[in-house]
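Residue-level structure breakdown
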There are 2 protein chains.
Amino acid sequence: MAAVAGSASAGANGSAAAHRVGAPTNPMATALLTDQYQFSMAYAYWKAGKHADRAVKNPFGGEFTVFAGLEECIKFIANFKFTEDDILFLQSVMPMCEDAFFDYLRKTDCSDVEVYSIPEGSVVFPKVPLMRVEGPVAVVQLLETPFVNLINYASLVTTNAARHRHVAGKSKVLLEFGLRRAQGPDGAISASKYCFMGGFDATSNVLAGNLFGIPLRGTHSHAYVSSYMSLDEIPDKSLKSKDGSRVCKDFVSLVKEWLQKIQLADSLCGVFGETNQSELAAFASYALAFPTNFLALVDTYDVMRSGIPNFCAVALALHDLGYKASGIRLDSGDLAYLSIEARKVFRTLEKEFNVPAFGKMIITASNDLNEETIDALNKQGHEVDSFGIGTYLVTCYSQAALGCVFKLVEINSRPRIKLSEDVAKVSIPCKKRCFRLYGKEGYPLVDIMMRESEPSPKAGERILCRHPFLESKRAYVVPQHVEELLQCYWPDKPRVELPSLEEIRGRCMQQLEKLRPDHIRRLNPTPYKVSVSAKLYEFIHSLWLNEAPVGELQ
Amino acid sequence: MAAVAGSASAGANGSAAAHRVGAPTNPMATALLTDQYQFSMAYAYWKAGKHADRAVKNPFGGEFTVFAGLEECIKFIANFKFTEDDILFLQSVMPMCEDAFFDYLRKTDCSDVEVYSIPEGSVVFPKVPLMRVEGPVAVVQLLETPFVNLINYASLVTTNAARHRHVAGKSKVLLEFGLRRAQGPDGAISASKYCFMGGFDATSNVLAGNLFGIPLRGTHSHAYVSSYMSLDEIPDKSLKSKDGSRVCKDFVSLVKEWLQKIQLADSLCGVFGETNQSELAAFASYALAFPTNFLALVDTYDVMRSGIPNFCAVALALHDLGYKASGIRLDSGDLAYLSIEARKVFRTLEKEFNVPAFGKMIITASNDLNEETIDALNKQGHEVDSFGIGTYLVTCYSQAALGCVFKLVEINSRPRIKLSEDVAKVSIPCKKRCFRLYGKEGYPLVDIMMRESEPSPKAGERILCRHPFLESKRAYVVPQHVEELLQCYWPDKPRVELPSLEEIRGRCMQQLEKLRPDHIRRLNPTPYKVSVSAKLYEFIHSLWLNEAPVGELQ
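Now for a look at the structure at hand. (Residues numbered from 1 in each chain as written. Chains lettered and ligands numbered in written order. Predicted model: local features only at pLDDT ≥ 70, side-chain atom pairs only at ≥ 80, totals over all residues. Heavy atoms only, no water.)

Of regular secondary structure, chain A possesses 18 helices and 22 strands. Within chain A, buried positions represent 62% of all 554 residues. Sequence-distant contacts, at least 24 apart, represent 73% of the contacts inside chain A between residues at least 6 apart. For chain A, the exposed surface amounts to about 20,800 Å²; the carbon and sulfur share of it is 50%. (Helix = DSSP H or I, 4+ residues; strand = E, 2+ residues; numbered from the N terminus. Buried < 20%, exposed > 50% of the residue type's maximum accessible area, 1.4 Å probe, protein only. Contact = heavy atoms within 4.5 Å. Areas by Shrake-Rupley, 256 points an atom, 1.4 Å probe, with all protein chains shown as cover.)

Residue and element names in this part refer to chain A. Among all positions of helix α14 (residues 371–380), only Glu371, Ile374, Asp375 and Leu377 are buried. Projected down its long axis, α14 shows its buried positions confined to an angular sector of 160 degrees, all on one face. Turned more than 90 degrees off the buried face of α14, the exposed positions are Lys379 and Gln380. Looking at the packing, one finds that the buried side of α14 touches α6 (137–168), α13 (335–352) and β13 (386–389). The N-cap residue of α14 is Asn370: its side-chain oxygen and the backbone nitrogen of Glu372 are 3.1 Å apart. (Arc of directions from axis to C-beta. Polar contact = N/O pair within 3.5 Å; in protein donor to acceptor, adjacent residues only side chain to side chain.)

With that out of the way, let us pick up the sheet that holds strand β10 (residues 295–297) of chain B. All names here are of chain B. Strands sit in the order β7-β6-β13-β12-β11-β10 across an open sheet of six strands; the sheet is parallel. Only two strands of the sheet have a single neighbouring strand rather than two, namely β7 (202–203) and β10. Note that β10 and strand β11 (residues 327–330) share three bridges and pair parallel. Across the sheet, Ala296 pairs through a bridge with Ile328, a residue of β11. (Pairing = 2+ DSSP bridges.)

When the terminal C-alpha atoms of helix α11 (residues 277–289) of chain A are compared, their 18 Å separation across 13 residues agrees well with the 18 Å that a helix rising 1.5 Å per residue should span. Counted residue by residue, α11 of chain A has 12 buried out of 13 residues, so it is predominantly covered. Turning to α11 of chain A, its buried residues number three or more, namely Ser278, Glu279, Leu280, Ala281, Ala282, Phe283, Ala284, Ser285, Tyr286, Ala287, Leu288 and Ala289 of chain A. For α11 of chain A, the secondary structure elements touched by its buried residues are α9 (222–226), β8 (239–240), α10 (251–264), β10 (295–297) and α12 (303–320) of chain A together with α2 (36–47) of chain B. (Expected span 1.5 Å × (residues − 1).)

This part takes up the pattern of salt bridges. Counting across every chain of the model gives 46 salt bridges over all chains. Note that Asp331 of chain A and Arg329 of chain A form a salt bridge whose closest N and O atoms lie 3.7 Å from each other. For Arg329 of chain A, a relative accessible area of 9% translates into the label buried. Arg132 of chain B is the salt-bridge partner of Glu134 of chain B, the closest N and O atoms lying 3.1 Å from each other. (Salt bridge = Lys/Arg side-chain N within 4 Å of Asp/Glu carboxyl O.)

Residue and element names in this part refer to chain A. As a packed pair, helix α3 (residues 70–78) and α6 sit with axes 9 Å apart at the nearest point and diverge in direction by 150 degrees. With respect to each other, α3 and α6 are oriented roughly antiparallel. The two elements α3 and α6 meet at a crossing, and its hand is right-handed. Judged by residue contacts, Glu72, Cys73, Phe76 and Ile77 of α3 engage Leu143, Pro146, Phe147, Leu150 and Ile151 from α6. (Axes fitted to C-alpha atoms, helices over the stretch in contact; angles between N-to-C directions. Parallel < 35°, antiparallel > 145°, perpendicular 65-115°, else oblique. Left-handed = near helix turned anticlockwise from the far one by under 90°.)

Right, let's get into the nonpolar core. Phe251, Ile308 and Phe311 of chain B are the most contacted members of the largest nonpolar core, which totals 170 residues. Counting residues per element, this core draws most heavily on helix α12 (residues 303–320) of chain B, which supplies 11 residues. In contact with Phe251 of chain B, not counting residues within four places along its chain, are Lys237, Leu239, Ala284, Ala287, Leu288, Val314, Ala317, Leu318 and Leu321 of chain B. Within the second largest apolar cluster, 169 residues are counted, among which are Val303 of chain A together with Leu90, Phe147 and Leu485 of chain B. (Core = buried A, V, L, I, M, F, W, Y, C linked by side-chain atoms within 4.5 Å.)

Here we take up the side chain of Glu371 of chain A. You can see Glu371 of chain A is positioned in helix α14. The contacts of Glu371 of chain A, once residues within four sequence positions are left out, are Asn160, Arg163, His164, Val167 and Arg522 of chain A.

As a further point, take the state of the cysteines. Per the counting criterion, the structure on display carries zero disulfides over all chains. Looking at the unpaired Cys248 of chain A, the closest cysteine sulfur is the one in Cys312 of chain A, lying at 18 Å. On the basis of relative accessibility, which here comes to 14%, the residue Cys248 of chain A falls in the buried class. This cysteine, Cys269 of chain B, is not joined by any disulfide, and Cys312 of chain B carries the nearest cysteine sulfur, 15 Å off. By relative accessible area, Cys269 of chain B is classed as exposed at 67%. (Disulfide = S-S within 2.5 Å.)

Our focus in this paragraph is the pairing of strand β6 (residues 173–176) of chain A. All names here are of chain A. For β6 and β13, the ladder comprises four bridges, and the chain directions are parallel. Bridging from a neighbouring strand, Leu175 pairs with Gly388 of β13. By the bridge criterion, two bridges tie β6 to strand β7 (residues 202–203) in an arrangement that is parallel. In the sheet register, Leu175 faces β7, and the bridge partner there is Ala202.

Attention now moves to the packing of aromatic side chains. One pass over the structure, following the stated rule, counts 32 aromatic pairs over all chains. Measuring from ring centre to ring centre gives 5.0 Å for Tyr43 of chain A and Phe101 of chain A, while their planes differ by 70 degrees; the resulting arrangement is edge-to-face. You can see Tyr43 of chain A sitting in helix α2 (residues 36–47) and its partner Phe101 of chain A sitting in helix α5 (residues 99–107), a full 58 residues away along the chain. Here Tyr43 of chain A and Phe101 of chain A have matching classes, each one buried. Here Phe125 of chain B and Tyr528 of chain B contribute two aromatic rings whose centre-to-centre distance is 4.0 Å and whose plane-to-plane angle is 20 degrees, an arrangement assigned as stacked. Of this pair, Phe125 of chain B sits in the loop between β4 (123–124) and β5 (131–136) while Tyr528 of chain B sits in the loop between α17 (517–520) and β22 (529–532), and the two are 403 residues apart along the sequence. Here Tyr528 of chain B falls in the buried class, since its relative accessible area comes to 9%. These aromatic residues form a ring-pair network of at least three members: Tyr43, Phe101, Phe102 and Tyr104 of chain A together with Tyr224, Tyr228, Tyr286 and Phe290 of chain B. Directly above the aromatic system of Tyr476 of chain A lies the positively charged group of Arg462 of chain A, at a separation of 3.7 Å from the ring centroid. The cationic tip of Arg505 of chain B hangs over the ring face of Phe196 of chain B; the distance from NZ or CZ to the ring centre is 4.7 Å. (Phe/Tyr/Trp six-rings, centres within 6.5 Å; stacked < 30°, edge-to-face > 60°. Lys NZ or Arg CZ within 6 Å of the ring centre and 35° of its normal.)

Along the chain, Trp490 of chain A connects to Pro491 of chain A via a cis peptide bond; the corresponding omega equals 5 degrees. With respect to the element layout, Pro491 of chain A can be found in the loop between β21 (487–490) and α16 (501–514). Positive phi, normally seen in glycine, also occurs at Asp368 of chain A, with a value near 50 degrees. Looking at the secondary structure, you find Asp368 of chain A in the loop between β12 (362–365) and α14. According to the relative accessible area criterion, Asp368 of chain A is partly exposed, its value standing at 48%. A positive phi angle, close to 55 degrees, is found at Asn354 of chain B, a residue other than glycine.

Have a look at this one:
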């Protein structure tokens with residue numbers, strides 16, 4: 001679904017390849033999707049004859065991040081073109097610009113742009129460029145805002161999903177339930193796609209399932225339960241057994257019988273009394289519609305006094321007919337306690353009525369969950385198998401934006417540096433190559449940035465890694481394995497297939513597993529080291545001294 | 001642009017009207033944009049023969065909110081239809097459902113649905129329904145998720161924008177700069193639309209300007225400044241005067257002359273020394289491209305030592321040729337201090353060189369601003385005329401999601417109530433009419449919900465308003481003016497025009513002005529009262545007693 005096919009012909013240029021790359025997932029991603037000042041700057045560059053300069057820009061991740069959004073960027077440049085309507089609109093809002101500029105825009109595409117990028121789904125660290133965009137400065141300018149837009153939220157929510165996966169553990173099922181709380185329809189589609197990339201198993205969003213092939217999962221709502229009044233409302237009470245061999249004419253009576261057996265069961269010591277009949281009707285009706293897939297929301301009235309016995313009665317009736325109920329969803333209350341109590345009931349019934357695997361019924365929890373609440377549940381102990389997460393996941397509530405930016409690092413082969421009072425904000429100038437160095441145990445040890453002209457680091461060879469700004473911080477490393485981080489994706493990559501969403505997800509999972517655990521633990525993680533070569537260090541600091549004004553103390 | 005035209009014919013039904021309503025702004029808003037369990041429930045309802053029941057549902061706002069998203073909801077239902085591809089996909093993911101259900105979906109549209117809503121742009125309060133959706137329960141079910149999606153973020157960001165407007169005051173210009181930080185392309189488009197609705201003046205997002213006619217505003221970036229090295233890089237240095245009467249052949253020399261005059265100006269006591277020449281080159285080049293619209297970002301190197309004198313030199317050179325510079329943007333540092341210092345320089349130069357209005361140059365500030373920082377700036381005192389706000393505005397950082405939900409309130413003319421341990425979560429059952437009662441001074445006093453059968457409250461007549469849950473809280477009110485809140489928008493409204501974005505924005509501004517100031521102040525606002533009629537009060541409480549289980553203390 002997510003793959004982009006291209007020609008294998010080595011001679012194909014970017015422009016020709018563009019026709020073979022698919023459209024962006026989001027139809028809003030047109031060439032007009034940019035900040036107004038980008039057009040102003042493009043005009044100023046064009047006016048100054050600077051549009052053919054080669055600009056090199058880097059967006060940076062703000063901290064440990066899973067990099068996502070690359071495929072959408074590549075689709076964006078492959079489809080980058082101004083329509084005549086776009087041009088008319090731009091002329092109307094920029095009447096001061098010369099006509100020749102608009103003629104230039106009419107002819108503009110991204111065939112002359114090169115994009116080097118870390119593969120999507122990679123774990124990345126501050127300072128190392130995620131992407132390098134080279135090309136005519138006016139065009140690169142127009143790509144800045146859409147690229148930052150396409151990468152920022154994608155990387156943020158993928159990282160958030162990966163963190164949820166990390167805290168929940170590998171064995172749990174994670175469901176994305178964010179559609180209602182995302183930023184409009186496409187915000188929701190992006191959320192579903194990137195949560196899956198970051199390690200979720202399924203989404204409730206049908207359109208995302210359709211677009212990306214993400215597995216769909218969900219159950220009914222409280223409204224469904226309260227829409228029923230009594231068991232009399234079910235018109236057709238018959239249910240065929242799973243093997244088709246017989247028909248139960250009155251499934252509702254079978255459910256009632258089971259409810260009575262549960263109420264009278266010795267092993268439950270009569271804990272269950274009367275249950276809510278409208279809830280029972282809703283469950284029975286839902287089971288008649290989905291006998292192979294019965295998952296009930298059990299907290300509309302009272303989980304332990306009504307939801308659980310009603311669910312068990314319907315599940316056991318289904319079992320009589322050869323079906324296996326899926327489980328329950330808890331959406332309120334003390335999830336640790338309720339899941340443990342529910343599990344006890346399931347296990348007791350498994351023994352009491354000799355129903356194999358009834359004790360292993362899936363328990364899903366879903367009330368305003370986030371990293372912290374899952375961590376707290378783990379500490380208390382719980383019996384939840386599956387977490388449904390919405391608001392906190394898709395809005396990235398705890399950090400609603402990622403500080404990913406574009407920096408100009410070189411123009412006309414001249415390096416540029418952006419200075420700042422805050423050392424952390426100083427950009428690393430010039431066109432660079434970036435490598436990840438791996439140690440004996442297979443963990444990545446350090447990322448290193450080098451000048452383009454330097455020889456690549458080699459496995460088994462000693463290399464000096466320096467802190468980009470602190471003179472005294474440096475270390476020798478003898479890598480066991482060296483990985484070059486930035487690869488060419490445009491115009492070369494469309495000739496081969498971009499990885500599928502499943503493949504990117506796999507890369508993300510694998511990269512997180514390869515990291516030393518102290519780098520990704522939730523509290524006080526050890527910072528991963530990002531370094532520069534000795535040559536790049538010297539270069540940065542000579543440029544810095546050159547550009548920074550000398551103050552005057554008065 | 002945003003208006004929806006419809007026929008005036010009284011006989012047109014919803015289905016026919018649908019063809020006259022525009023497509024949703026977001027092409028992602030298709031009939032598949034819903035949670036998977038909505039289809040499961042639709043099937044269960046269909047299976048139980050319940051799909052022709054009339055369901056009435058209410059979404060509630062969580063607190064003081066500007067209601068937005070209605071137009072998109074109306075467009076959604078007008079275009080609600082399953083394509084054959086949609087049906088094939090649904091069959092593939094729900095293989096257990098009977099074929100007749102999919103035939104039912106093929107025929108499904110919203111011609112049998114009625115939508116009553118508070119007008120878009122209205123100020124709303126908790127408990128009062130924003131919208132009532134009536135129709136076959138299976139269809140209403142399918143609308144639940146997309147409606148919540150379309151209303152939640154829209155209302156949240158509109159409210160956020162209105163709050164920023166409130167704290168900034170009427171006289172300031174507010175610019176939305178959120179494109180880079182929004183949830184993908186459409187999140188950004190929604191943000192621009194609804195920030196404008198909530199009181200912003202312009203956006204930097206070109207596509208939003210094109211789609212909605214929102215004014216565009218922006219300036220150049222730091223990267224533009226650092227892309228220049230020296231004044232020699234400007235190939236064409238000539239500039240025609242504004243009236244076209246003469247041509248300055250070397251604008252750059254004129255700029256240099258002015259810089260020297262500023263450096264030597266008596267009234268500035270020689271505070272300005274050498275400035276950064278690459279910044280000066282960038283400013284001069286930008287002014288040559290946009291002589292009528294020169295707005296410079298002055299903090300790339302050093303605001304007071306370089307940015308301000310460089311800007312003034314270029315602005316004064318432009319003035320010589322009859323142009324008027326727009327102003328500066330500050331994107332870092334102490335915005336209060338820098339804006340005051342910059343203003344002093346502008347005023348001094350106005351007098352020194354007798355340049356009328358030079359002291360009134362627009363000062364825009366834009367570094368991670370939000371309600372709190374604007375409030376803090378106001379308390380310190382500042383000279384900022386215009387605020388550019390991005391991240392905190394569009395991500396709604398301080399509360400990234402609105403708790404707006406759908407509640408089933410009636411089915412088959414039988415009222416339904418959702419109980420909860422938390423009284424604030426108990427729903428107000430049954431189909432209701434809602435009124436806003438205004439006092440003598442023109443302020444709204446209280447909102448009241450009544451049963452449908454009750455006579456409307458009338459101006460000048462005494463009416464008892466009761467707290468929905470607390471027995472002792474009640475008050476008599478004699479309204480000067482009564483406004484019915486819920487109006488029919490579908491299928492009736494498409495026959496007339498839906499209001500334009502400008503009109504909705506106007507409504508929002510007007511509604512906020514009409515509120516008693518203590519309801520909207522930032523700290524400890526007085527809660528606005530929401531009440532029920534005596535009859536509805538009795539009804540709620542009898543239903544509650546009836547549904548709530550009687551506990552047993554053991």
